[in-house]
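So you can see what is in the structure, the chains are spelled out below.
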Amino acid sequence: MARTDTSARFALPPFFLVSNALIWISAVIVMGISSYFISESSAVGSHIIYEEVISVLTVAFFLVSFVLGTYPGYILLFNVIFSYLWLVAVVFTAEDWSSDYASALSHTVEAFSFIAFFFLLFNVIYDWQFGYRGSVRTTSAV
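From a predicted model like this one, the values you see are computed outputs, not experimental measurements. (Residues numbered from 1 in each chain as written. Predicted model: local features only at pLDDT ≥ 70, side-chain atom pairs only at ≥ 80, totals over all residues. Heavy atoms only, no water.)

Enquirer: Pulling in residues and values, what's your account of the overall build of the chain?
Expert: When helices and strands are tallied, the chain shows 4 helices and 0 strands. In sequence order, the secondary structure elements of the chain are arranged as α-α-α-α. Residues counted as buried form 36% of the 142 residues belonging to the chain. Partitioning the contacts of the chain with sequence separation of at least 6, the portion at a separation of at least 24 is 78%. As displayed, the chain has an accessible area near 8,200 Å², and 71% of this comes from carbon and sulfur atoms. (Helix = DSSP H or I, 4+ residues; strand = E, 2+ residues; numbered from the N terminus. Buried < 20%, exposed > 50% of the residue type's maximum accessible area, 1.4 Å probe, protein only. Contact = heavy atoms within 4.5 Å. Areas by Shrake-Rupley, 256 points an atom, 1.4 Å probe, with all protein chains shown as cover.)

Enquirer: Can you lay out helix H1 (residues 14-40) for me, pointing to particular residues and giving the numbers?
Expert: Quick reminder: α-helices carry 3.6 residues per turn. Residues three or four places apart thus point the same way. With 27 residues, H1 extends 39 Å from end C-alpha to end C-alpha; this agrees with the ideal 39 Å at 1.5 Å per step. When we look at burial in H1, the residues that qualify are Phe16, Ser19, Asn20, Ile23, Ser26, Ala27, Val30, Ile33, Ser34 and Phe37. (Expected span 1.5 Å × (residues − 1).)

Enquirer: Any details on a nonpolar patch on the surface? Residues and values, ideally.
Expert: Taken together, Phe15, Phe114, Phe118, Leu121, Phe122 and Ile125 make up a surface patch of nonpolar side chains, about 510 Å² in accessible area. The element contributing the most residues to the nonpolar patch is helix H4 (residues 104-131), with 5 residues. With respect to the element layout, Phe122 can be found in helix H4. (Patch = residues over 30% accessible without salt bridge, like charges linked within 9 Å, V, L, I, M, F, W, Y side chains within 5 Å. Salt bridge = Lys/Arg side-chain N within 4 Å of Asp/Glu carboxyl O.)

Enquirer: So what's going on with the nonpolar core? Residues and values would help.
Expert: Among the nonpolar cores identified, the biggest contains 21 residues, and Phe37, Phe62, Phe82, Trp86, Trp97, Val109 and Leu120 are the most heavily contacted of them. Looking at this core, the element that brings in the most residues is helix H3 (residues 72-97), giving 7 residues. Among all residues touching Phe82, those that are not within four sequence positions of it are Leu57, Thr58, Phe61, Phe62 and Leu120. (Core = buried A, V, L, I, M, F, W, Y, C linked by side-chain atoms within 4.5 Å.)

Enquirer: Let's hear about the packing of aromatic side chains: which residues, and what values?
Expert: All chains considered together, the criterion is met by 10 aromatic pairs. When the centroid spacing of 5.1 Å and the interplanar angle of 45 degrees are considered together, the rings of Phe62 and Phe78 count as tilted. In this pair, Phe62 is assigned in helix H2 (residues 46-68) and Phe78 in helix H3, connecting sequence segments 16 residues apart. Taking the relative accessible area as the measure of exposure, Phe62 reaches 0% and is therefore buried. Given the relative accessible area of 12%, Phe78 is considered buried. Here the aromatic cluster, defined as three or more aromatic residues joined through ring pairs, consists of Phe61, Phe62, Phe78 and Phe82. (Phe/Tyr/Trp six-rings, centres within 6.5 Å; stacked < 30°, edge-to-face > 60°.)

Enquirer: Tell me about the environment of Leu85, and please be specific about residues and values.
Expert: You can see Leu85 is positioned in helix H3. Leu85 gets classed as partly exposed once you look at its relative accessible area, which sits at 25%. A sequence separation of 32 residues divides Leu85 from Phe117, and the C-alpha atoms of the two residues are 8.5 Å apart. Other than its neighbours up to four places away in sequence, Leu85 contacts Tyr50 and Ile54.

Enquirer: Outline the side chain of Glu51, supporting the account with residue identities and numerical values.
Expert: Relative to the helices and strands, Glu51 resides in helix H2. For Glu51, the residues in contact, after removing those within four places along its chain, are Val30, Ser34, Ala89, Phe92, Thr93, Asp96, Trp97 and Val109.

If you want it as structure tokens, here you go:
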């Protein structure tokens, strides 16, 4: 891997800390409202189940991301995987609840799904820039 200086990273940078906190809070909100929809409805579609599973996985695994942030290679992979999962969740919520007849809670799930995806995308871009600065090695490793 073309890392430049991994020994200087002892904790999460402030951007990651705030971004991961916003992702986690958004996932908690989506999880709570999706759980409410599932408990109130007799016929539950597969899209809402997907959103519930992704939000539960995000809540569980993003607690680990606060520790993994000290290991640059792992957090990038983690963010890439979850950004694609949340992208699909955003598409599902937009497809299901973007009508004028949807409730305010439906629009809330849609908004917080987008917030989670948006900050995950910025995590990917930031970690890529932070870890892979594009510097060329001038000395041989041999």
